[in-house]
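One-letter residues, chain by chain:
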Amino acid sequence: MYKRARIAAKSAARRSTFARRVLTATLLAASLLAVAGSVEAGDPLLAYGARIVGDDARTRIVIDFDREPRFSVHYIANPERIVVDLPATAFGFPAKDLAARGLFKDIRYGKMDEESARIVLTTARPVKLALAKVQADEAGKGHRLVLDAEMIDKQAFAELVKTQSWNDQTEADQTTSAIPAPEKAAPGDFVIAVDAGHGGIDTGAIGVDTKTEEKQVTLAFAKALTDRLNKEPGIKAFLTREDDEFLSLSQRVLFARQNHAGLFISLHADTLKQKDIRGATVYTISDKASDKLAADLAERENLSDQIAGKETVAEPPEVADILLDLTRRETQAFSISLAESVLNSFKDQVGTINNPHRHAGFRVLQAPDVPSILLELGFLSNADDEKLLLDETWRDKIAGLLTDAVKRYRAAVMANGG
């Protein structure tokens with residue numbers, strides 16, 4: 001009897017152990033499904049690996065994702081580019097793993113907005129994607145996006161551009177809905193748009209020592225300046241972007257105008273080939289550049305839309321007319337006044353380059369009715385400037401000096417009946 005009882009007990013124990021294992025497996029499966037569901041619902045894709053191989057005739061790009069990505073491909077001319085649009089994606093692989101080679105002379109990737117990311121492949125010659133598909137990883141580690149590019153002639157590329165279908169809204173229909181609308185200014189408030197240069201896929205310049213991206217530097221300064229300005233009675237400042245998001249140059253200008261900004265201040269921290277040059281520079285708009293440095297800088301800054309894979313759209317005739325009328329001239333005079341006020345604040349406080357007020361045809365300064373300046377805070381190509389640009393105390397000092405400059409500018413405008 002004792003033996004039968006012991007066998008029964010062992011059998012019951014085995015059934016209990018089996019039941020626990022089944023329950024554990026069921027709960028684990030449910031947990032994994034729940035996690036997968038939450039990842040699918042809210043979390044961005046993770047691009048955790050990349051590689052590029054090939055030559056100047058055929059080039060293959062492979063990008064590894066944690067799960068299956070949806071994607072679309074478009075072709076853009078002048079210059080020739082391939083644009084790959086993705087859902088929100090975190091790019092977690094080293095930049096060197098996708099360094100341009102073969103058919104591609106430049107490769108950029110990054111966030112466009114909260115719901116999308118983009119890869120922009122600038123080509124060395126006309127190309128097409130002979131293959132663009134997603135494959136499951138054999139080891140069960142997610143999926144990979146495979147892009148096989150091959151060279152074609154200019155006529156074939158032009159035909160690709162002409163016959164493709166863009167389902168996206170045009171630039172004119174795009175909104176800045178991803179940017180929180182600024183708090184409504186009180187009647188009589190002096191409204192200022194603070195623009196953090198670059199963002200998202202457009203990283204801007206890269207620091208010589210720390211490899212810090214310009215888009216991070218400008219956003220930190222923009223936030224510090226906005227906070228400081230908003231402590232002043234009668235002044236209301238807002239950011240054109242509040243996080244790592246791409247905005248086209250025309251969107252930045254439109255956002256300032258839509259919110260009735262009385263000033264537009266665009267912050268930058270560029271690089272130069274001459275690493276010994278350092279200090280701040282203030283730029284205003286002009287049809288003719290003041291010098292080669294200003295011309296080169298404006299040309300680079302105006303490429304921001306191309307870097308992000310935007311089509312180059314010619315300005316409508318009415319814009320060209322506006323830029324030549326009395327309104328623009330008056331606005332330009334106010335912009336120069338603001339630039340001079342900033343440099344007066346910086347005197348004996350902040351190092352500047354020789355001839356620190358310069359001018360060129362910056363597209364981001366083209367609002368015909370909003371006085372605008374582009375402020376180069378310093379150069380990330382200079383090790384001493386880079387240290388300052390990353391120093392929080394120096395950042396707060398600059399914010400204070402700029403606020404003083406804005407207050408003096410505002411007082412002068414109001415004294416003249418503005």
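All values reported here derive from a predicted model rather than from experimental measurement.

## Looking at the overall build of the protein chain
Next, step 1: Scanning the protein chain from N- to C-terminus turns up 10 helices and 15 strands.
Next, step 2: Counting across all 418 residues of the protein chain, residues that qualify as buried make up 44%.
Next, step 3: Of the roughly 21500 Å² of accessible surface on the protein chain, 54% is carried by carbon and sulfur atoms.

## A short note on the pattern of salt bridges
Next, step 1: All chains considered together, the criterion is met by 26 salt bridges.
Next, step 2: Note that Arg 144 and Asp 137 form a salt bridge whose closest N and O atoms lie 3.0 Å from each other.
Next, step 3: Residue Asp 137 is classed as buried on the basis of its relative accessible area of 14%.
Next, step 4: A salt bridge links Lys 215 to Asp 244, with the shortest nitrogen-to-oxygen separation between them at 3.1 Å. Taken as a pair, Lys 215 in helix α3 (residues 214-229) and Asp 244 in the loop between β11 (235-239) and α4 (249-258) lie far apart in primary sequence, 29 residues in all.
Next, step 5: Accessibility expressed as a relative area gives 31% for Asp 244, which makes it partly exposed.
Next, step 6: Through salt bridges that share partners, Arg 51, Asp 64, Asp 137, Glu 138 and Arg 144 make up one connected network.

## Observations regarding the confidence of the model for the protein chain
For residues with low pLDDT, the predicted coordinates do not support detailed interpretation.
Next, step 1: Put simply, the protein chain has an average pLDDT of 84, and 81% of its residues get 70 or more.
Next, step 2: Per-residue pLDDT, averaged within each element of the protein chain, yields its smallest value for helix α1 (residues 2-41) (43) and its largest for strand β12 (residues 263-268) (98).
Next, step 3: Within the model, the stretch residues 168-180 combines pLDDT values under 50 with 22 contacts to residues more than four positions away or in other chains.
Next, step 4: Confidence drops under pLDDT 50 across residues 316-320; counting only partners more than four residues distant or on other chains, this segment forms 0 contacts.

## Quick notes on the sheet that holds strand β4 (residues 81-87)
Next, step 1: Within the open sheet, the 4 strands sit side by side as β3-β4-β7-β6. Their pairing is antiparallel. This sheet does not close on itself; its edge strands, each paired only once, are β3 (72-76) and β6 (104-113). When strand polarity is set aside, the average angle formed by the axes of neighbouring strands in this sheet is 20°.
Next, step 2: Two strands pair when backbone bridges link them, and β3 and β4 are joined in this way by 5 bridges, in the antiparallel orientation. Directly across from His 74, in β4, lies its bridge partner Val 83.
Next, step 3: Across the sheet, helix α2 (residues 154-163) is in contact with β3 and β4; its angle to β3 comes to roughly 125°.

## Remarks on α4
Next, step 1: All of the buried residues in α4 are Leu 249, Gln 251, Arg 252, Val 253, Phe 255 and Ala 256.
Next, step 2: For α4, the elements touching its buried residues are β10 (190-196), β11, β12, α5 (292-301) and α6 (304-307).
Next, step 3: After α4 finishes, the residue His 260 shows a positive phi value of roughly 55°.

## Regarding the nonpolar core
Next, step 1: Residues Ile 192, Val 194, Leu 267 and Phe 346 are the most contacted members of the largest nonpolar core, which totals 39 residues.
Next, step 2: Broken down by secondary-structure element, the contributors of at least two residues to this core are β10, α3, β11, β12, β13 (280-285), α8 (326-346), β15 (372-376) and α10 (392-415).
Next, step 3: If near-sequence neighbours (up to four positions away) are discounted, Phe 346 is found in contact with Ala 280, Thr 352, Leu 375, Ile 398, Leu 401 and Leu 402.
Next, step 4: Grouped together as the second largest cluster of nonpolar side chains are 26 residues, Ile 63, Tyr 75, Phe 93 and Phe 104 included.

## Quick look at the packing of aromatic side chains
Next, step 1: On inspection of all chains with the given rule, the structure shows 8 aromatic pairs.
Next, step 2: The interplanar angle of 80° and the centroid separation of 6.0 Å between the aromatic rings of Phe 221 and Trp 394 together place this pair among those described as edge-to-face. With Phe 221 in helix α3 and Trp 394 in helix α10, this residue pair connects regions lying 173 residues apart in the sequence.
Next, step 3: According to the relative accessible area criterion, Trp 394 is buried, its value standing at 12%.
Next, step 4: Through successive ring pairs, a cluster of aromatic residues spans Phe 91, Phe 93 and Tyr 109.
Next, step 5: Here the basic side chain of Arg 395 rests over the ring of Phe 221, its NZ or CZ set 5.6 Å away from the ring centre.

## Structural notes on the pairing of strand β7 (residues 116-123)
Next, step 1: In terms of burial, β7 is a largely internal element, 7 of the 8 residues being buried.
Next, step 2: Pairing analysis gives 7 bridges linking β4 to β7, with the strands arranged antiparallel. Bridge pairing in β7 links Val 83 to Val 120.
Next, step 3: Pairing geometry for β6 and β7, over 8 bridges, is antiparallel. Bridge assignment links Phe 104 to a residue of β7, and that residue is Thr 123.
Next, step 4: Connecting the antiparallel pair β6 and β7 is a turn made up of 2 residues.

## Points about the sheet that holds strand β5 (residues 89-91)
The pairing of strands in a sheet comes from backbone hydrogen bonds and takes either a parallel or an antiparallel form.
Next, step 1: Reading across the sheet, the 5 strands line up as β5-β1-β2-β9-β8 and stay open at both edges, with mixed pairing between neighbours. Whereas interior strands pair on both sides, the edge strands pair on one side only; in this sheet they are β5 and β8 (127-136). The sheet shows a mean angle of 25° between the axes of neighbouring strands, taken without regard to direction.
Next, step 2: With 3 bridges connecting them, strand β1 (residues 45-54) and β5 associate as parallel partners. Bridged to Leu 46 within β5 is Ala 90.

Analysis parameters
Residues numbered from 1 in each chain as written. Predicted model: local features only at pLDDT ≥ 70, side-chain atom pairs only at ≥ 80, totals over all residues. Heavy atoms only, no water. Helix = DSSP H or I, 4+ residues; strand = E, 2+ residues; numbered from the N terminus. Buried < 20%, exposed > 50% of the residue type's maximum accessible area, 1.4 Å probe, protein only. Areas by Shrake-Rupley, 256 points an atom, 1.4 Å probe, with all protein chains shown as cover. Salt bridge = Lys/Arg side-chain N within 4 Å of Asp/Glu carboxyl O. pLDDT = per-residue confidence, 0-100. Contact = heavy atoms within 4.5 Å. Pairing = 2+ DSSP bridges. Axes fitted to C-alpha atoms, helices over the stretch in contact; angles between N-to-C directions. Core = buried A, V, L, I, M, F, W, Y, C linked by side-chain atoms within 4.5 Å. Phe/Tyr/Trp six-rings, centres within 6.5 Å; stacked < 30°, edge-to-face > 60°. Lys NZ or Arg CZ within 6 Å of the ring centre and 35° of its normal.

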